[in-house]
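# Survey of secondary and tertiary structure
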Number of protein chains: 2
Amino acid sequence: MQSCKFFGYLARAAPGVRPQLTNHYNMALTYYKTEDQVLLAVDCIIFGFDEEELKLVLVKRSMEPERGKWSLIGGFMKKDEDLDQAAARVLETLTGLSDIYMEQLYAYSKVDRDPGQRTVSVAYFALIDVASHQFEGVQLETAQWFPLSQAPHLIFDHNAMVEKAVARLRRRAMTMPIGFELLPEKFTMRQLQALYESILDKKLDKRNFINKFKSLDVLIRLDEKDMTVARKGAYLYRFDKEKYDRKVEEGFSFKL
Amino acid sequence: MQSCKFFGYLARAAPGVRPQLTNHYNMALTYYKTEDQVLLAVDCIIFGFDEEELKLVLVKRSMEPERGKWSLIGGFMKKDEDLDQAAARVLETLTGLSDIYMEQLYAYSKVDRDPGQRTVSVAYFALIDVASHQFEGVQLETAQWFPLSQAPHLIFDHNAMVEKAVARLRRRAMTMPIGFELLPEKFTMRQLQALYESILDKKLDKRNFINKFKSLDVLIRLDEKDMTVARKGAYLYRFDKEKYDRKVEEGFSFKL
DNA sequence: CCGGTTAAGTGTGAAAAACACACGATCAAT
DNA sequence: ATTGATCGTGTGTTTTTCACACTTAACCGG
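Residues numbered from 1 in each chain as written. Chains lettered and ligands numbered in written order. Predicted model: local features only at pLDDT ≥ 70, side-chain atom pairs only at ≥ 80, totals over all residues. Heavy atoms only, no water.

## Overview of the packing of aromatic side chains
Going through the model one piece at a time under the given rule, you end up with 20 aromatic pairs over all chains. Look at A:Phe180 and A:Phe187: their rings are 5.8 Å apart centre to centre, the planes differ by 45°, and that puts the pair in the tilted class. The class for A:Phe187 is buried, based on a relative accessible area of 1%. Clustering of aromatic rings is evident, with ring pairs tying together A:Phe180, A:Phe187, A:Tyr196, A:Phe209, A:Phe213, A:Phe239 and A:Tyr244. The lysine or arginine in question, A:Lys225, covers the ring of A:Tyr235, its NZ or CZ lying 4.5 Å from the ring centre. The positively charged end of B:Lys164 is found above the aromatic ring belonging to B:Tyr106, 4.1 Å away from the centroid. (Phe/Tyr/Trp six-rings, centres within 6.5 Å; stacked < 30°, edge-to-face > 60°. Buried < 20%, exposed > 50% of the residue type's maximum accessible area, 1.4 Å probe, protein only. Lys NZ or Arg CZ within 6 Å of the ring centre and 35° of its normal.)

## Considerations on the nonpolar core
Counting 51 residues, the largest nonpolar core has A:Ile46, A:Leu83 and B:Leu83 as its most contacted members. When sequence neighbours within four positions are dropped, the list of residues in contact with B:Leu83 reads A:Ala107, A:Ser109, A:Val120, B:Leu40, B:Val42, B:Met77, B:Gln104, B:Val122 and B:Tyr124. Formed by 44 residues, the second largest nonpolar core is a distinct cluster that contains A:Val162, A:Leu204, A:Phe239 and A:Phe252. (Core = buried A, V, L, I, M, F, W, Y, C linked by side-chain atoms within 4.5 Å. Contact = heavy atoms within 4.5 Å.)

## Let's talk about the protein's contact with DNA strand C
Around DNA strand C there are 20 residues in total, and A:Arg190, A:Arg207, A:Tyr235, B:Asn208 and B:Arg231 lie nearest to it. Restricting attention to atoms of DNA strand C within 4 Å of the protein, one finds that 38% of them are sugar or phosphate atoms. Separating a base nitrogen of DNA strand C from a side-chain N or O atom of B:Arg207 is a distance of 3.4 Å. Between DNA strand C and B:Asn208 there is a distance of 3.0 Å, counted from a base nitrogen to a side-chain nitrogen or oxygen. Listed by contribution, the elements that provide at least two residues to the surface near DNA strand C are α6 (206–216) and β10 (234–239) of chain A together with α6 (206–216) of chain B. Per-element accounting of the surface near DNA strand C gives the leading share, five residues, to α6(A). For the surface near DNA strand C, the per-class residue count stands at four nonpolar, four polar and 12 charged. (Near = heavy atom within 4 Å. Polar contact = N/O pair within 3.5 Å; in protein donor to acceptor, adjacent residues only side chain to side chain. Helix = DSSP H or I, 4+ residues; strand = E, 2+ residues; numbered from the N terminus. Nonpolar A, V, L, I, M, F, W, Y, C, P; charged D, E, K, R; others polar.)

## So, the sheet that holds strand β9 (residues 219–226) of chain B
Residue and element names in this part refer to chain B. Within the open sheet, the three strands sit side by side as β8-β10-β9. Their pairing is antiparallel. Each edge of the open sheet carries a strand with a single partner, namely β8 (186–188) and β9. Each adjacent strand pair in this sheet contributes to an overall mean axis angle of 40°, direction not counted. Pairing analysis gives three bridges linking β8 to strand β10 (residues 234–239), with the strands arranged antiparallel. Bridged to Thr-188 within β10 is Leu-236. Taken strand by strand, helix α5 (residues 189–200) contacts β8, β9 and β10, and its axis lies near 80° from that of β8. (Pairing = 2+ DSSP bridges. Axes fitted to C-alpha atoms, helices over the stretch in contact; angles between N-to-C directions.)

## A few points about the environment of A:Lys164
Residues and elements named next belong to chain A. Position of Lys-164 relative to the elements: it lies in helix α4 (residues 158–175). Take Lys-164: its relative accessible area is 35%, and that puts it in the partly exposed class. A sequence separation of 119 residues divides Lys-164 from Ile-45, and the C-alpha atoms of the two residues are 9.9 Å apart.

## Points about the pattern of salt bridges
Overall, the coordinates contain 22 salt bridges over all chains when judged by the stated rule. For A:Glu224, the salt bridge identified is with A:Lys186, shortest N-O distance 2.6 Å. With A:Glu224 in strand β9 (residues 219–226) and A:Lys186 in strand β8 (residues 186–188), this residue pair connects regions lying 38 residues apart in the sequence. Take A:Glu224: its relative accessible area is 38%, and that puts it in the partly exposed class. A salt bridge links B:Arg168 to B:Glu103; its shortest N-O distance comes to 3.2 Å. Taken together, the residues span a long stretch of sequence, with B:Arg168 in helix α4 (residues 158–175) and B:Glu103 in strand β5 (residues 101–108) at a distance of 65 residues. Judged by relative accessible area, B:Glu103 falls into the buried class, the value being 11%. Within this structure, A:Asp43, A:Arg113 and A:Asp157 form a network of salt bridges that share partners. (Salt bridge = Lys/Arg side-chain N within 4 Å of Asp/Glu carboxyl O.)

## Quick look at the protein's contact with DNA strand D
Contacts to DNA strand D come from 20 residues, most closely from A:Asn208, A:Arg231, B:Arg207, B:Lys232 and B:Tyr235. Restricting the count to atoms of DNA strand D within 4 Å of the protein gives a sugar and phosphate share of 41%. Within the contact set of DNA strand D, a base nitrogen lies 3.0 Å away from a side-chain nitrogen or oxygen of A:Asn208. B:Arg231 places a side-chain nitrogen or oxygen 3.4 Å from a base nitrogen of DNA strand D.

Set out below in structure tokens:
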């Protein structure tokens, strides 16, 4: 945006001081040096859907102490990357998955949240379709899908992170037709409804649901049918990303 | 929650390693040492309302270079405080205001967002009633209220922060009767409506607005009238925090 | 090949919420 | 006493939401 933004924080901290051009750099160094630095972690709440229910990935700690304790996957942000990149890297490193929908959730910063060292953690949540994104790699010997309702106690403040992520996912689901990230490319209405039911944790009426979605006009009904699911077979649908994006720009609302 | 959470990140980073109980601490130190630390800043978007329109506080940088550039108020988080505390401290230091509604907004982390040094900034937004919270102190020689629509270009990514804060405020206003923070304790319906109109940036119908709020049942009409505002005088209302909190727990929705 | 079984697809009417809309009341100032 | 400014109020219309039950297609087994 601007060219020289060097004294942003300096200006605020010492508004009376008027440094000369000759020593900007030193002053900044001096100033910054007095400030504390902290470790910045990212933790990922990875939601998945597998035709039945909403799940999340947890990793089991395999060593003492705390053997048997579960945790979100996480890692530290490096100096040469931003938080989004760190979250994507952590996800890829630990699951082999890339190009996944991720969204920043909240920064957790309680002083004693990590007894090891002062760490601030920024939680991210990710959405993936379980079936079409099988994990690869040994890292995940310890990782496991948990049905949301059966998630165990987690270390640190990870349970709070999960709760907040669920709340966010729920709000997203109710206000915009998110959730396609959680389904395969082609899906049936039944699957979509099951997804919404498990996100919102309540039963929805079949007809009202389909009507609502039809009126949103972001689905394309294909000529194919999924014959495995019923004698009669169920139409497959595809998400119309273009129409969706156009509607997002127009700022459409959506209520379930 | 649990007692010994020490190896949370270690476990994830090196799942194959199984440290002995005797050297937990050293291993953790070694591990943590290899990770980068960064400066963590907080920047505050301070919204205010003064009977007419929505404003925000900006501080003018008074020294070269960048003289005349505006910025949000901000500062760095210290090791012995969390982000909420840091935000409250920054707000109090620079404006003398304490006990103000604040909410974490988003963490900004682009590598080059602050050319001075690698800094991640967590934005907070605050809501205050301009009239009953006059600034004190010299610090604010450089601070100034700006009507939202007339806010200037800001340093770094501060404009993006403001945009996001406005979006959040708008969503809040539409889904829960927030905004009482922005009004004096007693207020007229007209003021409340003017506030909502300036948050949502559109005209609302007087009768529908009052009906909507009446049906929410979180306002108490006082016997007093504000006679300055019209010949006839306008009823004063008070926010019923108890009822409101009860409703929030029941998870009420609200749409404007 | 025919009847039985299973899940899919489909539309309407009632209730609730949202919206548009206009005029009389009050009091101060002149 | 008249004027002017602004407050306060209620109803009818439209839109959205919700509840609800039967027919259809295809496979399966006898």
